[in-house]
Amino acid sequence: MGAPDSAAQPGADWDEAQCTAALAQLEQVQAQLNDLRLAIPRIIEPLHRPANPTTYRLYSQGVIGSQNGVNNLKVQWKTPEIQSTFAHVKKSFDANADLSESASIPSYGWTERAQRAKDSKKSKGGESVEDLGATLTDEAIGGIVVEFRKTHPNIKLETQDDNRSISTRFVSGSVLLKFRINIEHEANGRHKLSAECLGTTEPFLAVTRSIASRPQANDLKSLLDMIAAYKTVKGKSCANCGGILDKAMMIPTARRSKKVASANESPETVWEAFHESCLG
Ligand SMILES: [Zn+2]
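Residues numbered from 1 in each chain as written. Predicted model: local features only at pLDDT ≥ 70, side-chain atom pairs only at ≥ 80, totals over all residues. Heavy atoms only, no water.

Per UniProt, the protein has the following entry under Subcellular location (unreviewed entry): "Nucleus". The UniProt entry for the protein carries the following comment under Sequence similarities (unreviewed entry): "Belongs to the Mediator complex subunit 27 family." (UniProt positions renumbered as here; feature names shortened; annotations may be inferred.)

Printed below as a string of structure tokens:
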């Protein structure tokens, strides 16, 4: 986990990096809690269907998966990092109970912010860290496209103009979505990625807006994975509010990723659907 040494002193004043790291950890706990809200539905859902040979297997998967989720949450909750964050929060709240400033703090995106802060600290420290946002060679683009095609054989990517333009189309729910990515190379060797969901009406405009506000703006792999998430995220409800339609009667048109702890220790990236109005 990130910066356990710095997070272990609840008494000290925290700098921005420590607060960001702590928020990233809390975000992961929040994600675990959100996932547990589905525990009961997951367990009883197979029993609502006519019994068949997979009923018991699905039921026991639901039970075991939920038990693991509770256990993982307990472990995470007791880590020194989280406990020290709680201690720091209590101390800070005791010193000043006015929480009005917190309204302007985004609820999501801390995992990415903590990672970015870590990366930029490393590169400032002179270590050779590859900055994914800085340069993207033609070979790198080709490699990312090949890798994507392997991971998502059912999503057809078409490349044009020597990989400067990538497009794809697929049906998501009952809607045909068409995406186009442009890779602009700038004179200084850097690149700029832009992406849109083609269409002049909703929900296409909302999809374009939520892609445009993606956290890792110049990471091509992450952008392609985000587009794929419009096909691969199965649930129709929002990972933040749990609803299908928001106040504007819009479906979740945004996709965001999070890292979750997996059985083999290395965190796994999962994609979730969000309402545009529910993005932090
Ligand atoms: Zn929502």
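Back to the text.
A.B. asks: Would you explain the nonpolar core in this entry?
C.D. replies: It is characteristic of soluble globular proteins that their nonpolar side chains tend to be buried jointly. Grouped together as the largest cluster of nonpolar side chains are 29 residues, with contacts concentrated most on Ile-166, Phe-179, Ile-181, Ile-211 and Leu-220. Those elements that provide at least two residues to this core are α7 (138-151), β2 (165-172), β3 (175-185), β4 (191-197), α8 (204-212), α9 (220-232) and β6 (268-274). Here this core gets eight residues from one element, more than from any other, and that element is α9. Leaving out residues up to four positions away in the same chain, Leu-220 has contacts with Leu-136, Ile-141, Ile-144, Ile-166, Ile-181, Ile-183 and Leu-193. Core analysis: the next-biggest nonpolar cluster, separate from the first, contains six residues, Tyr-108, Cys-238, Ala-239 and Phe-274 among them. (Core = buried A, V, L, I, M, F, W, Y, C linked by side-chain atoms within 4.5 Å. Buried < 20%, exposed > 50% of the residue type's maximum accessible area, 1.4 Å probe, protein only. Helix = DSSP H or I, 4+ residues; strand = E, 2+ residues; numbered from the N terminus. Contact = heavy atoms within 4.5 Å.)

A.B. asks: How do you make sense of a nonpolar patch on the surface when you look at a structure like this?
C.D. replies: Together, Ile-40, Ile-44, Leu-47, Tyr-56 and Tyr-59 make up an exposed nonpolar region whose accessible area comes to about 520 Å². Secondary structure elements with two or more residues in the nonpolar patch: α3 (39-44) and α4 (55-78). Position of Tyr-59 among the secondary structure elements: in helix α4. For Tyr-59, a relative accessible area of 31% puts it in the partly exposed group. (Patch = residues over 30% accessible without salt bridge, like charges linked within 9 Å, V, L, I, M, F, W, Y side chains within 5 Å. Areas by Shrake-Rupley, 256 points an atom, 1.4 Å probe, with all protein chains shown as cover. Salt bridge = Lys/Arg side-chain N within 4 Å of Asp/Glu carboxyl O.)

A.B. asks: How should the coordination of the zinc ion be read in this particular structure?
C.D. replies: When a metal carries six donors in an octahedron, the ideal angles between them are 90 or 180 degrees, while four donors in a tetrahedron ideally lie at 109.5 degrees. Protein coordination of the zinc ion is provided by Cys-238 (SG), Cys-241 (SG), His-275 (ND1) and Cys-278 (SG), with donor distances spanning 2.1 to 2.4 Å. Here the zinc ion binds four donor atoms, and the angle range of 97 to 118 degrees at the metal identifies the geometry as tetrahedral. The sequence motif formed by the donor residues of the zinc ion is C-x2-C-x33-H-x2-C. Taken as a pair, Cys-238 in the loop between α9 and β5 (254-260) and His-275 in the segment after β6 lie far apart in primary sequence, 37 residues in all. His-275 carries the same exposure label as Cys-238, and that label is buried. (Donors = N, O, S within 2.8 Å, 3.2 Å for Na, K, Ca; no water. Tetrahedral: all angles 85-135°; square planar, octahedral: opposite > 155°, others 65-115°.)

A.B. asks: In this structure, what is going on with α7? I would like to understand it.
C.D. replies: Every α-helical turn comprises 3.6 residues, leaving residues that sit three or four positions apart pointing alike. Under the 1.5 Å per step criterion, the end-to-end length of α7 is 20 Å for 14 residues, consistent within 8% with the ideal 20 Å. For α7, the complete set of buried residues consists of Ile-141, Val-145 and Phe-148. Buried residues of α7 fall within an arc of 65 degrees about the axis and therefore sit on the same side. Along α7, exposed side chains directed more than 90 degrees from the buried face belong to Glu-139, Lys-150 and Thr-151. Contacts from the buried residues of α7 go to β1 (158-160), β2, β3 and α9. (Expected span 1.5 Å × (residues − 1). Arc of directions from axis to C-beta.)

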